[in-house]
Every structure is written in C-alpha cells, then in structure tokens.
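Here is what each chain is made of, one letter per residue.
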Amino acid sequence: MFNRRQHLVEHMKISHHSLHQPRCGVCFKHCKSFESVREHLNVPDHLFKGDCKSIFSERGCSLCLQIFDDATALAHHQNKCLLSPPLPLPLPLVNPTRTLGVVNSRLKAVAIDCEMVGGGDDGSIDLCASICLVDEDEHVIFSTHVQPQLPVTDYRHKVTGLTEEDLKNNGMRLQDVREKVLTILCGGHNDGVGRLLLVGHDLRHDMKCLKLQYPSHLLRDTAKYVPLMKTNLVSQSLKYLTRSYLGYKIQCGKHEPYEDCVSVMRLYKKMRDQEHGKAEKEEGDGLNSWKQSDLEKMKPEELYHNSTSEYRCWCLDRR
C-alpha cells in the first residue's frame, strides 16, 4: 500500500510487475524468479501475514509451484509434471532425421549441447569434442564427435567419457560441424537466415567453442532466463534446474549431450507453455513510455496491465 499515487507509479516502473512474472499461487505475490517464489513459500506462516506455506504443503506442486483445489487434482497433475530421465543415446548420428521450420505461425525450436575437452599446457582451453541437437519431440537431429582443432591435453574423461580413439576415428571437422548446424538452423537453406529458435544452457559458451554466430533474438538460454535464475539473478546449473523443475537427476556420472539436450528442451517448453493471459502491452518500455501525469491518473489495475517485464517471456513464443 502507498500513501500517494506518485509512489505507486514509481514502484510499478521500477518493479516491472506484469502478468508474466512468477507469482505465489496463494497470495499472488510477485517475484523476480521462481526461486524467489520457492523461498517465499518456505517462510513459516507465523512470520508472514498469510498461510502460503501450509496451503502449498497440502495442495502445491513442488516442481511448477502451482496450487490446486484438492489433493486429487494435485496427484493427477503430478503424474504429468514429474518426468522420467531420457534414455541414453546409443550411437552418434551425423545426418538430420527431421525437417523443421514453422508450425502454424510459431517458430520451431532446436536444443543444442556440446561437451568440451581441454587444450593448452594446463588443459584450460575448451575444445568442442561432441555435439548433439534435438527437436521439440526429443528426436535427434544431429549427433557426432568433433575433431579438436588443437592437441588435447586433458580429455576430462570423468565428465566427457571421451578418449583419444573416440575423437581420432569418429570425429568430424569443426568447420563441417558448424556448417551442418547452420544448415539445420536455417531450415536447409544456405542463406544464413535463422529460421529456428536455438535452445541451450549457457549458449554463449557452446557457440564460442563452435565459432558459431546466430541472431540473439532467436536464442533461448535457460542459464540467462530471469524466471529460472537464483533470487540474486545468478544463473543456476542445468543439473539443479532439471532436478527442481522436471523432477529427475542428470550428470550423475559423465555428461551425456543427448540427456542435457532433452532436459534443456523440456525446461524451455515448460516455461513456454505457461498460461499468463494477455496484457495490454507484451513488450517494449512499458510504463516508461507513458507520461508521468497520465500514469498517475490510471487505476492500479490499469498500471498493472500496461506494465511489461524486464525480459521477454517465453510464453510469447507460442503466438
């Protein structure tokens, strides 16, 4: 509550509250990230003016944080929300298996994951050694080992599971891999125009090792998406996100590119498929594009529906 309308307006301009922000399903408190919502729901009721924790413990989903009418509805939902880990990919595949593009008017998405070995005297230089791409249905589009461009001084075997023989006998040249990935992302065309959304975790790292450039507006990075970050807006690990939002463990031993690809695609689809309703203005400067005098004339509900998030919500990818 604010004593003056001016203070409410300033608060709304700074907070960027909107339909797209994560919220508590009990009291509807807005939070910057789902991690903030989790922390809010763990506050004992006697320290908070409400009964959010007790209601959530009875009727709330620990993965997506939704609240349901009763235990039966919750149990039915959890059967769909709790996922099983993907089965291991048996062999690397080097040929695309699916034709992708636009469905209805929505861009299709492709998930990518790369595993790195080490180069240089101390093994600290990241060299791409394997890559996997999957589509939204979790089918493999492309999977192969990659020939490192520099001598490998650390195969990081405990993490990658790779040996010298794997890369020597089975690997593709990095340039050929990069061209293959671009062909897939450009819908089979060689014009360099991106036609697919590229999903990944810490995409900047994978793209740097591939020496790949792709339009930023087509990138969907689970490490940089604000609702999936920590309360202080620091990135979470893919291992943590998968356990907390999908309900299973990954990377318990060596890292499997296919398993990571599927997990990051599932995270993206879970965020994309949220129902937020439709605001007056989905993107842009929001309240900062209005005159202060006009904002102070608005009702709180009008301010809220004209406000926009600091980030582009992935639910807009469905439109």
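Position labels on residues start from 1 in each chain and follow its written sequence. For this predicted model, a pLDDT threshold of at least 70 governs which residues receive local features, and a threshold of 80 or more governs which side-chain atom pairs are given and counted, while totals over whole chains, interfaces and linings are taken from all residues. As a rule here, side-chain values come from all non-hydrogen atoms in the structure, and water together with hydrogens is ignored.

**Some words on unusual backbone geometry**
Quick reminder of the rule: Strands here are runs of E lasting at least two residues and helices are runs of H or I lasting at least four, both read from the DSSP assignment and numbered beginning at the N terminus. Here's how the labels work: a residue is buried when its accessible area is under 20% of the maximum for its type, exposed when over 50%, partly exposed in between, all with a 1.4 Å probe on protein chains only.
Within the chain, K211 stands out as a residue other than glycine whose phi angle is a positive 55°. When you line up the elements, K211 lands in the loop between α8 (203-210) and β9 (219-221). Since its relative accessible area comes to 53%, K211 is described here as exposed. Non-glycine residue L233 carries a positive phi angle of around 60°. Mapped onto the fold, L233 is located in the loop between β9 and α9 (238-246). For L233, a relative accessible area of 36% corresponds to the partly exposed category.

**A closer look at the domain arrangement of the protein**
One frequent convention defines the size of an interface as the accessible area lost when the parts assemble. The condition is simple: Throughout the structure description, domain borders are defined by an automatic or database domain assignment. In what follows, residue pairs with any heavy atoms lying within 4.5 Å of each other are defined as contacts. The buried area of a pairing is the accessible area, by a 1.4 Å probe, that goes missing from both parts when the two are put together, added over both. Counted as salt bridges are all cases of a side-chain nitrogen of Lys or Arg within 4 Å of a carboxyl oxygen of Asp or Glu. Throughout this description, a polar contact denotes any pair of N or O atoms lying within 3.5 Å of each other; where both atoms belong to protein, one of them has to be capable of donating a hydrogen while the other can accept it, and for residues adjacent in sequence the pair is counted only when both atoms sit in side chains. Amino acids outside the nonpolar list (Ala, Val, Leu, Ile, Met, Phe, Trp, Tyr, Cys, Pro) and the charged list (Asp, Glu, Lys, Arg) are all regarded as polar, and Gly is one of them.
In terms of domain boundaries, the protein breaks down into domain 1 (4-83 + 279-317) and domain 2 (109-273). Between domain 1 and domain 2, the C-alpha centre-to-centre distance is 31 Å. Residue-level contacts link 20 residues of domain 1 with 24 residues of domain 2. Here domain 1 packs against domain 2, burying approximately 1,900 Å² in sum over the two surfaces, 61% of which is carbon and sulfur. The largest contributions to the domain 1 side of the interface with domain 2 come from E35, L83 and W314, which together make up 39% of the buried area. If you look at where domain 1 meets domain 2, you find 1 salt bridge. Where R220 meets D317, a salt bridge forms, and the shortest distance between an N and an O atom there is 2.8 Å. Inspection of the domain 1/domain 2 interface yields 10 residue pairs in polar contact (both at pLDDT 80 or more). It is helix α2 (residues 34-41) that provides the largest number of residues to the side of domain 1 that touches domain 2, a total of 5 residues. Taken together, the residues that form the side of domain 1 that touches domain 2 break down as 11 nonpolar, 3 polar and 6 charged.

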